[in-house]
Amino acid sequence: MNKLACFLVLMVWVCPDFRLQAQIKMPNQLSKTDKIYGLSKFWQEVNYNFVYLNKIDRDQWEEDYKSLIMEVQKTENDYEYYRLLQKFCASLKDGHTNVYFPKKINELIYISNFGPYRLFVTACEGKAIIYRVNASKKDEIPIGTEILKVNGLSADEYANQYVKPYIASSTDYILENWKMKQLLRAPAGTKFDLLLKKPDGEEFSLSLTHEECEEKAVFPDFIDRGLLELKWPSPDVLYIALNSFSDPEIVKLFKDALPEIRKANKLIIDLRYNGGGSSNIGMEILGYFTHDKELHSAVSESRLHIPAFKAWGQWVEAKDTLDAWGKQAYFSGRDDYFHKFPSSPMKLETKKTDRLVVPTVILMGNYTASAAEDFLISADNQNHMTTMGDRSFGSTGQPILFDLPGGGSARVCTKKDTYPDGREFVGVGIAPDIVVRKNLDSFLKDEDPVLDRAIAFLKEQGAL
């Protein structure tokens with residue numbers, strides 16, 4: 001391959017769009033040594049700590065690393081360098097293993113600002129749909145407008161080529177959602193030629209350039225979701241939204257609301273916007289909705305690396321794994337030996353008078369993640385609870401965090417979690433008992449079919 005061909009291949013690999021304006025200058029402070037070191041640091045941490053190393057194509061992983069040693073040195077700026085690292089990371093297919101831009105680069109990355117326009121994109125039925133705009137453009141670009149083409153390619157083709165390869169995700173459906181949500185994510189100055197279709201079928205073209213939009217008012221308004229939300233969709237059904245387990249304040253808010261909560265004959269617990277936090281917070285709240293004295297949570301394991309066993313493992317064959325020593329040596333030699341953490345249920349000290357065990361629907365969806373998924377696992381054996389909605393995020397674990405050259409950072413997942421009986425949910429998601437998804441029609445009508453179905457379902461349920 002000649003030098004020109006090599007250069008063109010490199011440009012296709014690292015650049016999300018060829019329409020970046022020259023006046024937007026990305027930081028270019030990393031030396032070639034820094035770039036090789038950062039790549040090698042990430043590669044090393046993955047090899048030593050990544051809990052799912054046994055699930056990747058190791059030969060391809062090594063070949064990619066060797067190829068990148070040369071490619072990172074050719075990157076024209078720090079942005080292109082970090083994009084290569086993100087693509088390398090994405091090949092691991094794990095939602096808790098990521099590479100993050102330095103702050104000075106991240107500040108130059110836009111997703112919804114286009115000068116006179118602000119466009120917010122989501123995925124709906126596999127399409128890229130505009131669900132919010134700056135208020136002055138709500139008639140020009142109605143909510144529900146679909147992005148058909150980006151720079152001459154269909155939205156799907158563009159996303160697959162320029163967006164999807166850089167997203168780290170454990171599940172295919174989250175990857176498909178995020179490639180549309182991040183369809184227009186790019187550096188300031190990037191130009192997009194769009195073909196759009198309004199909900200009434202009218203098609204029109206729009207040329208946009210990423211730059212700050214001074215108009216702050218949007219339509220529809222942003223939804224301010226508090227940690228805890230309560231409302232009564234019907235006289236005997238109480239809706240409780242638990243929107244995060246990252247702040248212990250939610251426990252206090254929940255306990256303060258107990259007098260109101262205990263009036264309910266039926267419950268809806270909404271976890272659709274809960275991205276996780278501390279599993280203990282979620283389990284403490286769950287303890288108020290069960291008669292059980294203890295709750296069982298996910299079981300965990302992590303790779304156990306003892307260098308001597310890895311050395312011995314080079315000479316041990318599968319037939320030699322009948323005893324503990326042979327098993328540890330054999331699997332250590334293949335980076336596949338695990339330590340299983342002792343699993344003990346969480347003892348509940350919740351007073352019986354504070355508990356409320358009534359017909360309950362738990363709403364869940366693609367962004368029910370991490371500690372919120374642990375909540376679902378602990379609730380799995382509660383016969384009075386029914387889950388409804390869409391599959392969960394399908395990713396959790398304990399990442400190890402570390403810095404990269406130039407102010408960037410990364411994390412690598414070190415812990416594997418499963419149901420207590422060994423069923424896996426990382427990479428596949430937790431499936432609801434009843435599947436209900438928001439379609440384009442309900443999106444355009446601003447309806448919530450999941451909540452509506454939950455209310456109808458509970459109306460059919462008698463008292464326990």
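Residues numbered from 1 in each chain as written. Predicted model: local features only at pLDDT ≥ 70, side-chain atom pairs only at ≥ 80, totals over all residues. Heavy atoms only, no water.

A. Summary view of the sheet that holds strand β19 (residues 360-364). Spatially, β12-β13-β14-β19-β20-β24 is the arrangement adopted by the six strands of the open sheet, whose pairing is mixed. With partners counted over all chains shown, the strands left at the sheet margins are β12 (228-234) and β24 (434-435), one partner each. The sheet contact formed by β19 and strand β20 (residues 385-389) spans five bridges and is parallel. Across the sheet, the residue bridging to Val361 is Thr386, located in β20. (Pairing = 2+ DSSP bridges. Helix = DSSP H or I, 4+ residues; strand = E, 2+ residues; numbered from the N terminus.)

B. Quick look at the side chain of Asn77. Relative to the helices and strands, Asn77 is located in the loop between α3 (58-74) and α4 (78-90). Here Asn77 falls in the buried class, since its relative accessible area comes to 13%. A distance of 3.1 Å separates a polar atom in the side chain of Asn77 from the backbone nitrogen of Tyr79. (Buried < 20%, exposed > 50% of the residue type's maximum accessible area, 1.4 Å probe, protein only. Polar contact = N/O pair within 3.5 Å; in protein donor to acceptor, adjacent residues only side chain to side chain.)

C. Region of the structure containing the pattern of salt bridges. With the rule as written, the count across this model stands at 26 salt bridges. The partner of Arg437 in a salt bridge is Asp390, and the shortest N-O contact between them spans 3.1 Å. On the criterion of sequence distance, the pair formed by Arg437 in the loop between β24 and α14 (440-444) and Asp390 in the loop between β20 and β21 (399-403) is long-range, its members being 47 residues apart. The exposure class assigned to Asp390 is buried, which follows from its relative accessible area of 17%. In this structure, the salt-bridge partner of Lys445 is Asp441, at a minimum N-O distance of 3.2 Å. Among the charged side chains, a network of salt bridges with common partners joins Arg58, Arg303, Lys310 and Asp335. (Salt bridge = Lys/Arg side-chain N within 4 Å of Asp/Glu carboxyl O.)

D. Structural detail: helix α6 (residues 155-162). Among the residues of α6, Ala155, Tyr158, Ala159 and Tyr162 are the ones counted as buried. Within α6, the buried residues cover an arc of 95 degrees as seen down the axis, which keeps them to one side. Looking at the packing, one finds that the buried side of α6 touches α4, β6 (146-150), β7 (153-154), α7 (172-181) and β9 (191-197). (Arc of directions from axis to C-beta. Contact = heavy atoms within 4.5 Å.)

E. Here's a closer look at the packing of α3 against α4. At a minimum axis separation of 11 Å, α3 and α4 run at an interaxial angle of 180 degrees. Considered as vectors, α3 and α4 are oriented roughly antiparallel to each other. For the pair formed by α3 and α4, the contact residues are Trp61, Asp64, Tyr65, Leu68, Glu71 and Val72 on the first element and Tyr81, Leu84 and Phe88 on the second. Its residues assigned to classes, the contact of α3 with α4 comprises seven nonpolar, no polar and two charged. (Axes fitted to C-alpha atoms, helices over the stretch in contact; angles between N-to-C directions. Parallel < 35°, antiparallel > 145°, perpendicular 65-115°, else oblique. Nonpolar A, V, L, I, M, F, W, Y, C, P; charged D, E, K, R; others polar.)

F. Geometry of helix α13 (residues 371-378). With eight of eight residues buried, α13 lies mostly within the body of the structure. Packed against the buried residues of α13 are β13 (237-242), α10 (279-286), β15 (294-295), β19 and β20.

G. Broad picture of the pairing of strand β10 (residues 203-209). In β10, alternate side chains face the same way, and those of Phe204, Leu206 and Leu208 are buried while those of Glu203, Ser205, Ser207 and Thr209 on the opposite face are not. Alignment of β9 against β10, held across seven bridges, turns out to be antiparallel. Bridge assignment links Phe192 to a residue of β10, and that residue is Leu208. Hairpin connection from β9 to β10: five residues lie between these consecutive antiparallel strands, with Gly201 at a positive phi of about 100 degrees.

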